[in-house]
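# Summary of structural features
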Amino acid sequence: MDPANFAVGSALALTAFVGFESASTLGVEAKRPYASIPRAIVFTVLGSGVLYLLASFSQLVGFSALGGTIAASASPVNDLAAAYGIDAVGLLLDVSIATSFLACAIASTTALVRVLFSMGREGLLPSRFGRTHPRYRTPFDAALVAMSVITAVLLTTIALSGSIWQTMEVLIVGAAGGYMTAYLLVCVAAPVFLRRIGESTFWPVLFALLAAVLLGAVLVTYLVVESGSARALGVWVFLGVMALGLAWCGLRLRSRPWLRDTIGVYDVPVTGDLLGGPAPADAAARGSGRTGP
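Figured I'd write up the structure that's included with this text. As the structure is a computational prediction, the values presented were derived from the model and not from experiment. (Residues numbered from 1 in each chain as written. Predicted model: local features only at pLDDT ≥ 70, side-chain atom pairs only at ≥ 80, totals over all residues. Heavy atoms only, no water.)

## Remarks on helix H3 (residues 76-83)
One turn of the α-helix equals 3.6 residues, which is why residues spaced by three or four share an orientation. All of the buried residues along H3 are Pro 76, Leu 80 and Ala 81. Along the axis of H3, the buried residues cluster in a sector spanning 130°; they form a single face. For H3, the secondary structure elements touched by its buried residues are helix H2 (33-66) and helix H4 (87-122). (Buried < 20%, exposed > 50% of the residue type's maximum accessible area, 1.4 Å probe, protein only. Helix = DSSP H or I, 4+ residues; strand = E, 2+ residues; numbered from the N terminus. Arc of directions from axis to C-beta. Contact = heavy atoms within 4.5 Å.)

See the structure below:
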């Protein structure tokens, strides 16, 4: 395998981990967020990684025992189940995969709505996104806009391509590029943020910068390789969305320059929020120092 194919494979494999950070989008509501959210994120990555390795190893062993390879199968799990005379397992796994896709869609949508809601509250998006439902107190407007756009884009792409599979191939390129860009920006921002609050230490900064370099290399290689494939449209979709987002951000910051210093400033941690800190006796003890827009 050459480095380019390895980079593309790494980018696609990374999409299997997409959403591991979803717990962070609920940081405002969580109890002891600086303790519970890092724990949730770390165990999600470790648990998912072990599951993926076991599943991959099982398929490799299964196909090796049959004298074949995974590459020759369009549906490895179902083919293995049929070969060993346990077709019901394949059906059970299909149901599990469908359930997993639904859970992923719900989690990703929840995270998206929460981000749009926060951006609306902080002024980076129109204030409508920061409104809540008068009765249920949920970010209804952000959810309505997000789901309308998602549904329209999906149905339009399917109608133009005439193929659900081709639609998935195009959209997954844009999605993978978007997630890697977001992760890369977080890695770059982390050392700056830690330094600003006086908590910068060697190892977190080193890991963040190393991750940023590796993600950047994988992202560039992935986009270059995919731009010459049948999924090239996905690359242009990704670049177009990024350009629109940067243009909107630039216009918003130009008209509201104070946003540079206020975006993301909604919380003041207390000792009980941190890993290793004493658990707060009640809600008042942990929330007395919190501020927000």
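## Observations concerning the layout of surface pockets
Any empty space left between the atoms is revealed when a probe the size of a water molecule rolls over them. Within this model, the second largest pocket holds a volume of roughly 180 Å³. Surrounding the second largest pocket, Ala 55, Ser 58, Gln 59, Gly 62, Val 77, Leu 80, Ala 81, Tyr 84, Ile 86, Val 89 and Leu 93 form its lining. Listed by contribution, the elements that provide at least two residues to the lining of the second largest pocket are H2, H3 and H4. The residue inventory of the lining of the second largest pocket, partitioned by class, reads 8 nonpolar, 3 polar and no charged. (1 Å grid on protein atoms, 1.4 Å probe; cavity = no way out; pocket = protein on both sides within 12 Å on 5 of 7 lines; lining within 4 Å. Points joined across faces, edges and corners; volume = space filled by probe spheres on them. Nonpolar A, V, L, I, M, F, W, Y, C, P; charged D, E, K, R; others polar.)

## As for the nonpolar core
Core analysis: the largest hydrophobic core is formed by 17 residues, its most contacted members being Ala 11, Met 180, Leu 215, Tyr 222 and Leu 223. Listed by contribution, the elements that provide at least two residues to this core are helix H1 (3-15), helix H6 (164-196), helix H7 (202-227) and helix H8 (232-255). Val 113, Leu 125, Phe 129 and Ala 146 belong to the second-largest nonpolar core, a separate cluster that totals 6 residues. (Core = buried A, V, L, I, M, F, W, Y, C linked by side-chain atoms within 4.5 Å.)

## As for the pattern of salt bridges
Across all of its chains, the model carries 2 salt bridges by this definition. Residue Arg 231 pairs with Glu 169 through a salt bridge whose shortest N-O separation is 3.8 Å. Taken together, the residues Arg 231 in the loop between H7 and H8 and Glu 169 in helix H6 connect sequence positions 62 residues apart. With a closest N to O distance of 3.0 Å, Arg 231 and Glu 226 form a salt bridge. (Salt bridge = Lys/Arg side-chain N within 4 Å of Asp/Glu carboxyl O.)

## What to know about H6
Helix length check: H6 (33 residues) gives 47 Å between terminal C-alpha atoms against 48 Å at 1.5 Å per residue, within 8%. Ala 189 marks where H6 bends most, by close to 30°; the proline Pro 191 follows one to four residues later. When H6 is considered as a whole, its buried residues turn out to be Thr 167, Val 170, Val 173, Gly 174, Ala 176, Gly 177, Met 180, Thr 181, Tyr 183, Leu 184, Cys 187 and Pro 191. Summarising the contacts, the buried residues of H6 are in contact with H1, helix H5 (140-161), H7 and H8. Measuring from the side-chain oxygen of the N-cap residue of H6 to the backbone nitrogen of Trp 165 gives 3.3 Å; that N-cap residue is Ser 163. The positive-phi residue at the C-terminal boundary of H6 is Gly 198, with phi of around 75°. (Expected span 1.5 Å × (residues − 1). Bend = angle between axes of the 7 residues up to and from the residue. Polar contact = N/O pair within 3.5 Å; in protein donor to acceptor, adjacent residues only side chain to side chain.)

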